[in-house]
Amino acid sequence: MTQDNPKPETLAAKIGVYICHCGGNISDHVDVETVRRRVEKMPGVAVARTNMFMCSDPGQEMIAEDLKSGTVDRVVVASCAPSLHEKTFRSAIQRAGANPFIYEHANIREQVSCVHHGQAATDKATVLVAAAAAKAGQLKPLTPIRVPALRHATVIGAGAAGLSAARDLADSGIPVTLIEKSSFLGGQLARLDRIAPTGDLAADLVRQLVESVLNHRDITVLTDAEVVGFEGYIGNFKLTVRRGQPAVEPATEPRYIPFSGMQPAGTGADKPGDLTVETGAIVLATGFRSYRPRQGEYGFGDFSPVITLPDLIRKMAERHVPGNMLTIDGRQVRAVAMIHCVGSRQIPGIHPEDENGHLNEYCSRVCCTATLNAADRIRQAYPGTRVYELYRDIRTYGRDQEELYEQAGRNGVVFLRFEAENAPEVLPADPGDGFALKVKVTDTLTFGETLEVPADLVVLATGMEPNDVSDLVEMMKLPVGTDRFLLEVHPKLRPVEMPVAGIFVAGTCQAPFDVGEACNAAGAAAVKAAALLGAGQVELDPFVAEVDVDRCRGTGACIEACLNPGALSLVEMQIDGQTVQRARVTPALCLGCGACVAVCPENAIDVCGMTLRQYEAMVDAIVEN
Amino acid sequence: MTRLSPDFVEEMKRYSHDTALACFNCGTCTAICPLIDEHFPRRMIRYVQIGAKDRILENAPELWKCLHCGLCTQTCPREANPGEIILGLKRMVVAHWRKS
C-alpha cells in the first residue's frame, strides 16, 4: 500500500539528540558516550549531548539553549519511559519558545538498560535513538486542538458523592444538572442510621447535602430521570435524559422520607418525556447496591431470623422497642451472631459464582466497621442481648475506626474466627433449646475446636456491588474492571478520570468507599471538571487524523473503519468546478487510532505526529543501524 | 461440641476482674510466658471468653503451673490482665472442688 509513497524526504531539520545517564540506571549498562558518538554522525543530527539527569534543570536548560541559539529545531531525548518525562521535555521546549510537537522520545531505560547488558544494550540503545532521530527529522510543528467548552456539568446519581460533586461544582461557578434515577435524593446514605465512627445521623447528612443542592440557583435537579442517549465530546456532550413517571406522589415542598431519602418539591415541568442536556463535563456517581445473599447462604431465605446488616440497621431504627433486650420483628433477641465478609472476598472454588458468573473477590472495606458499629450500639442500648461476631479477618481501616473494635471488646462482644473453606453453618436449634438458631463454627481462636453459637438472630454483613450501569458503559465506552467497578485512568497519577476526556467518576461506582471517601472522590472530580471548564475552552493533543484533500477520492473506506462514530464523515465540496465528496475529520472526536490510515486505498489520510512517512523513516534507520 | 455460654463471664466476676473479653487473641501472653507451655495462658483466657467451663475444669492442673511472674499482664496490649484471670480461674476451680 505504501509503494506509491516517495522515499522520506530529508528535510533540512537540525536534530538535537540528548542522552541521559539516569545517574547510572542507564549508563551502568549502556555505553552512553558510544551511543552519542554513533548518533552524532547520523543524517540531520546537529548536536548529540549527554547529561547525568536530562530531567534536571541543567538538562532541560541544555535543550532550551540549543533551541534559542538556533543550533537545533528538532529534539530527541533518550531516557526513561515516555510516560514519565515526555511531558517534562515538551514543556521545556515550549518554555524555550518552540513548538512542543517537534519532540520525539526514545526509551533506553525500561526498554534497554533494565533488560539488556553490555554491548547488546549499547547497540539496542543506538538503534532506538537512531529511529527516534529519523522520525524527528520528519516531524512538523503541530497546533493543539482547541474546542470551546460549555460552562456546564452533569452529575449522574444523587447519593452522597453525586450531591457533593454537584454542590462543589456549582460552588465553583459551574452550572450543574443533577440526574437521579429514583424519586429521592440521598442514595444509599439515606438507608443508614448512625454513621461510624463519628455517630452522625445519616438523615442529617442527607438533609444538609440535599438542601445545599436544592437551594443552589446553579443546580437543576432531575429525579425519576435516566440518561438514554449520549453523543459529543469533551466540552460539548449532548445527553438525552428520559424522565419517567414518579414512583411517589409529588410533594409540594421537599420532604425527607426515612430510608428512602429526600424528595424534592415537584414542579409543573416534571412531565415524563425526553429532554436534551448539553454539557461540558460529566461526573458519574452511580453508586453501589448491597450484596443480596443467595437462597440458603448462611440460612438466608431458609430461616426468617437470618437478615442482612442493612436490614438490621433499618429494623433497629424504625422500631425501637425499649427494654433490656433488642427486639426484631416482634421477637426478643437474647443473642445475635453477626457473620462478616458475606458477598466479599469470595474465593474461586470455595464460593459459587452468581447467575451471571461473577465472584466478588474484593474486600468491601466498610462492613467490618459497620458491623462493629452495630454490635456496639446493640450492647450499649440492650445489655441483655449477647453479640457474637464471626469473622475471617477484621480490619477497621481509617481514622478513629480501630476505636470501635476496642469498644466492642469492652462492651463484651465475643469474636470467633473462621477460615473461608470452613465457613459457619446456620442451623435450626435443637428442639427445646430455647433459641431460634444455632451457628456451628470451627473457631481458629479456640485452636480449631468446633463451637456452637446459640442465636435468636443471624446478621449477614453484606458487601458492596457496583450498580448495573452497563447501558452507560456501552454508550460512553467506559472501562470496567473484572470486579465490575468503573476503572479510572490511574489511581495515583490521574485519579477519578475516565479515559474518555471530560468524563469523571466519583464514589462507590469506582470502588467500595465509606461516605467520607465517596465525598473526597466527589470533591476531586468536581475540581477537575471545574478546572477543565473554567477556561471556556479545552486543549486536546493534536495527534488526530488529517485528510490530504488532493489525494482523497471519497471512497468512504476510512468512515467504515473509524472506531468512534462522528470522527470522520464525507462532505461535499467544490474542486475544479465539480461537486465531489471528500472525507473530513472532526478532530475533537478522533481517537488517533490510525484505523483509517490502514484502510485508505489512496494513502490520503494520516495521523499527525505518527505519519506513515515518519514510520518509514524510523524503519529505514533501524535497518541501517 | 462446646456451646457458647456467655453467662460464665458473669460467674467469673466473683473470682477476678472482668477483663477477659478485652482480649483480642494476639498471643503475646503465651509468647512472653516463661513456662513455654503450649498455648498457656492464651487458651485458658479464650475458654473464659466463650464460657467453656468444662474445658477449664478438664485442664485445671495447667493453672497451677503459673508462676505469677506478671510478664503477661505487663505486656498485654489490651490490658486484659491475663495474670489476674489465671489467678481468678484458680479460685473458681478451688471453689468447685470444695463444692464437689
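Throughout, a residue's number is its position along its own chain's written sequence, starting from 1. Numbering of ligands from 1 and lettering of chains from A proceed in the order in which they are written. In keeping with the model being predicted, local features are shown solely for residues with a pLDDT of at least 70 and side-chain atom pairs are shown and tallied solely at 80 or more, while totals for entire chains, interfaces and linings include all residues. Water and hydrogen atoms play no part in the side-chain values, which are based on all heavy atoms of the structure.

Novice: What exactly am I supposed to notice about helix α6 (residues 82-99) of chain B here?
Specialist: Because each turn of an α-helix spans 3.6 residues, side chains separated by three or four positions in sequence point in the same direction. Residues and elements named next belong to chain B. The helix count covers DSSP runs of H or I at least four residues long, the strand count covers runs of E at least two residues long, and both are numbered beginning at the N terminus. To estimate how far a helix should reach, multiply one less than its number of residues by 1.5 Å. Taking 1.5 Å per residue as the helical rise, α6 with its 18 residues ought to reach 26 Å, and the 26 Å between its terminal C-alpha atoms agrees with that figure. Taken residue by residue, α6 has Pro82, Gly83, Glu84, Ile85, Ile86, Gly88, Leu89, Lys90, Met92, Val93, Ala95 and His96 as its buried positions. Note on contacts: a residue pair is in contact if any heavy atoms of the two residues lie within 4.5 Å. Looking at the buried side of α6, the elements it contacts are α1 (7-12), α2 (28-32), α3 (42-50), α4 (53-58) and α5 (71-75). Exposed residues in this analysis have more than 50% of their type's maximum accessible area, buried residues have under 20%, and partly exposed residues fall in between, with area computed by a 1.4 Å probe over protein chains only.

Novice: Please clarify how the interface of chain B and chain A should be interpreted in this entry.
Specialist: Often the size quoted for an interface is simply the accessible area lost on bringing the parts together. With 20 residues of chain B at the interface, the matching set in chain A holds 23 residues. Salt bridge, as applied in this entry: a Lys or Arg side-chain nitrogen positioned within 4 Å of an Asp or Glu carboxyl oxygen. Our count for the contact surface shared by chain B and chain A stands at six salt bridges. One salt bridge in this structure joins Glu10(B) and Arg386(A), with 3.7 Å as the shortest N-O distance. For the side of chain B that touches chain A, the elements supplying multiple residues, two or more each, are β1 (2-3), α1 and α3 of chain B. The dominant element in the side of chain B that touches chain A, judged by the number of residues it contributes, is α3(B), at six residues. In the sheet, strand β26 (residues 449-455) of chain A pairs with β1(B) via two bridges, with the strands oriented parallel. Counted as the bridge partner of Leu451(A) is Thr2(B) from β1(B). Any two strands between which DSSP finds at least two bridges are classified as paired.

Novice: Is there a simple way to think about unusual backbone geometry in this case?
Specialist: Cis rather than trans, the peptide bond between Ala196(A) and Pro197(A) has omega equal to -5°. Looking at the element boundaries, Pro197(A) is found in the loop between β8 (194-195) and β9 (200-201). The peptide bond linking Phe40(B) to Pro41(B) adopts the cis configuration, its omega dihedral lying at 0°. Looking at the element boundaries, Pro41(B) is found in the loop between α2 and α3. One non-glycine residue, Asp224(A), adopts positive backbone phi at about 50°. On the secondary structure map, Asp224(A) appears in the loop between β10 (219-222) and β11 (225-233). Despite not being glycine, Cys341(A) shows a phi value in the positive range, around 55°. Tracing the chain through its elements places Cys341(A) in strand β21 (residues 335-342).

Novice: Just checking my understanding: could you explain the confidence of the model for chain A for this structure?
Specialist: Every residue gets a pLDDT, meaning the predictor's confidence in that residue, from 0 to 100. Taken as a whole, chain A shows an average pLDDT of 94; of its residues, 98% reach a score of 70 or greater. Confidence drops under a pLDDT of 50 for residues 1-10 of chain A, and excluding neighbours within four residues, the segment shows 22 contacts in the predicted structure.

Novice: I keep staring at the environment of Val413(A) and nothing clicks. Help me out?
Specialist: Residue position: Val413(A) is located in the loop between α10 (402-410) and β23 (414-417). Judged by relative accessible area, which is 1%, Val413(A) ranks as buried. Considering only alpha carbons, one finds Val413(A) and Glu318(A), 95 residues apart in sequence, at a separation of 24 Å. The contacts of Val413(A), once residues within four sequence positions are left out, are Ala375(A), Arg379(A), Val387(A), Glu389(A), Ala408(A) and Leu21(B).

Novice: What should I look at first to understand the confidence of the model for chain B in this one?
Specialist: When pLDDT drops low, the exact placement of atoms in the prediction is not to be read closely. The pLDDT averaged across chain B works out to 93; a share of 100% of its residues lies at or above 70. The least confident element of chain B, judged by mean pLDDT, is α1(B) at 90; the most confident is α5(B) at 97.

Novice: Before we go on, may I ask you to explain the environment of Asp168(A) in this structure?
Specialist: All names here are of chain A. Within the fold, aspartate 168 resides in helix α6 (residues 160-171). By relative accessible area, which is 24% here, aspartate 168 ends up partly exposed. Between the C-alpha atom of aspartate 168 and that of glycine 523, which follows or precedes it by 355 residues, the distance is 6.5 Å. Filtering out sequence-adjacent residues up to four positions away, aspartate 168 remains in contact with Gly523 and Ala526. Identification of polar contacts relies on pairs of N or O atoms within 3.5 Å, with a donor-acceptor requirement for protein atoms, meaning one able to donate a hydrogen and the other able to accept it, and with residues adjacent in sequence counted only if both atoms are side-chain atoms. Among the polar contacts listed, one links the side chain of aspartate 168 to the side chain of arginine 167, at a separation of 3.1 Å.

Novice: Which parts of the structure should I look at to understand the sheet that holds β1(B)?
Specialist: Strand order in the open sheet formed by four strands is β24(A)-β25(A)-β26(A)-β1(B), and the pairing between neighbours is mixed. Strands with a single pairing partner mark the edges of an open sheet, and in this sheet they are β24 (425-428) of chain A together with β1 of chain B. Bridge analysis of strand β25 (residues 437-443) of chain A against β26(A) gives seven bridges, and the strand direction is antiparallel. Opposite Val439(A), over in β26(A), you have Val453(A) as the bridge partner.

Novice: Explain the nonpolar core to me, please; I cannot follow it from the model alone.
Specialist: General note: in soluble globular proteins, nonpolar side chains tend to be found buried as a group. Ranked by internal contacts, the top residues of the largest apolar core, which has 86 residues, are Val155(A), Leu169(A), Leu284(A), Met476(A) and Ile605(A). For this core, the leading source of residues is helix α12 (residues 515-534) of chain A, giving eight residues. Residues from two domains meet in this core; each of domain 2 (153-287 + 467-538) and domain 4 (544-607) of chain A gives at least three. When neighbours within four sequence positions are excluded, Val155(A) is seen to be in contact with Gly162(A), Ala165(A), Ala166(A), Leu169(A), Val176(A), Thr177(A), Leu178(A), Ile179(A), Val283(A) and Ala285(A). Here the nonpolar core consists of buried residues drawn from Ala, Val, Leu, Ile, Met, Phe, Trp, Tyr and Cys, with membership extended through side-chain atoms lying within 4.5 Å. Counting residues in each nonpolar core, the second largest holds 51 residues, with Ala22(B), Cys33(B), Ile56(B) and Ala95(B) among its members. Note that domain bounds follow an automatic or database assignment of domains.

Novice: How should I be thinking about the pairing of strand β7 (residues 176-179) of chain A in this particular structure?
Specialist: Taken residue by residue, a regular strand's side chains alternate between the two faces of the sheet. All names here are of chain A. Side-chain alternation along β7 places Val176 and Leu178 on one buried face and Thr177 and Ile179 on a second face that is also buried. Summarising the sheet, strand β6 (residues 153-156) and β7 pair through four bridges and their orientation is parallel. In the sheet register, alanine 153 faces β7, and the bridge partner there is valine 176. Taken together, β6, α6 and β7 constitute a β-α-β crossover, and its handedness is right-handed. The pairing of β7 with β10 spans four bridges and is classified as parallel. In the sheet register, leucine 178 faces β10, and the bridge partner there is valine 221. By definition, the crossover connecting two strands over a helix is right-handed if that path, from the first strand to the second, turns clockwise as seen with the strands pointing away from the viewer.

Novice: So what exactly am I meant to see when it comes to the side chain of Gln401(A) here?
Specialist: Residue and element names in this part refer to chain A. By secondary structure assignment, the location of glutamine 401 is in the loop between β22 (386-391) and α10. Engagement of the side chain of glutamine 401 in a polar contact is seen with the backbone oxygen of tyrosine 397, the distance being 3.3 Å. Apart from residues lying up to four places away in sequence, glutamine 401 is in contact with Pro197, Thr369, Thr396 and Asp514.

Novice: Sorry if this is basic, but what is going on with the packing of α6(A) against helix α7 (residues 202-214) of chain A here?
Specialist: For any two helices packed against each other, the geometry is given by the interaxial angle and the distance between the axes. Residue and element names in this part refer to chain A. Think of each axis as a best-fit line through the C-alpha atoms, taken over the contacting stretch in the case of a helix, with angles from 0 to 180 degrees between the N-to-C directions. Close contact between α6 and α7 brings their axes to 9 Å; oriented N to C, the two are set at 40°. With respect to the hand of their crossing, α6 and α7 are arranged in left-handed fashion. Where α6 approaches α7, its residues Ala160, Leu163, Ser164 and Arg167 are matched on the opposing element by Leu209, Val210, Ser212 and Val213. Side-chain classes follow a simple rule in which Ala, Val, Leu, Ile, Met, Phe, Trp, Tyr, Cys and Pro form the nonpolar group, Asp, Glu, Lys and Arg form the charged group, and the remainder, Gly included, forms the polar group. Of the residues that constitute the contact of α6 with α7, the class distribution is five nonpolar, two polar and one charged. The crossing is said to be left-handed when, going from far helix to near helix, the turn is anticlockwise and less than a right angle, and right-handed when the turn is clockwise.

Novice: Sorry, what's going on with α6(A) here?
Specialist: Residues and elements named next belong to chain A. Between the first and last C-alpha of α6 there are 16 Å, a value that for 12 residues agrees with the 16 Å anticipated at 1.5 Å per step. Of all 12 residues in α6, nine are buried; the element is thus mostly enclosed. Those residues of α6 that are buried are in contact with β6, β7, α7, β10, β16 (281-284) and α12. In the segment just after α6, glycine 173 is the residue with positive phi, at about 90°.

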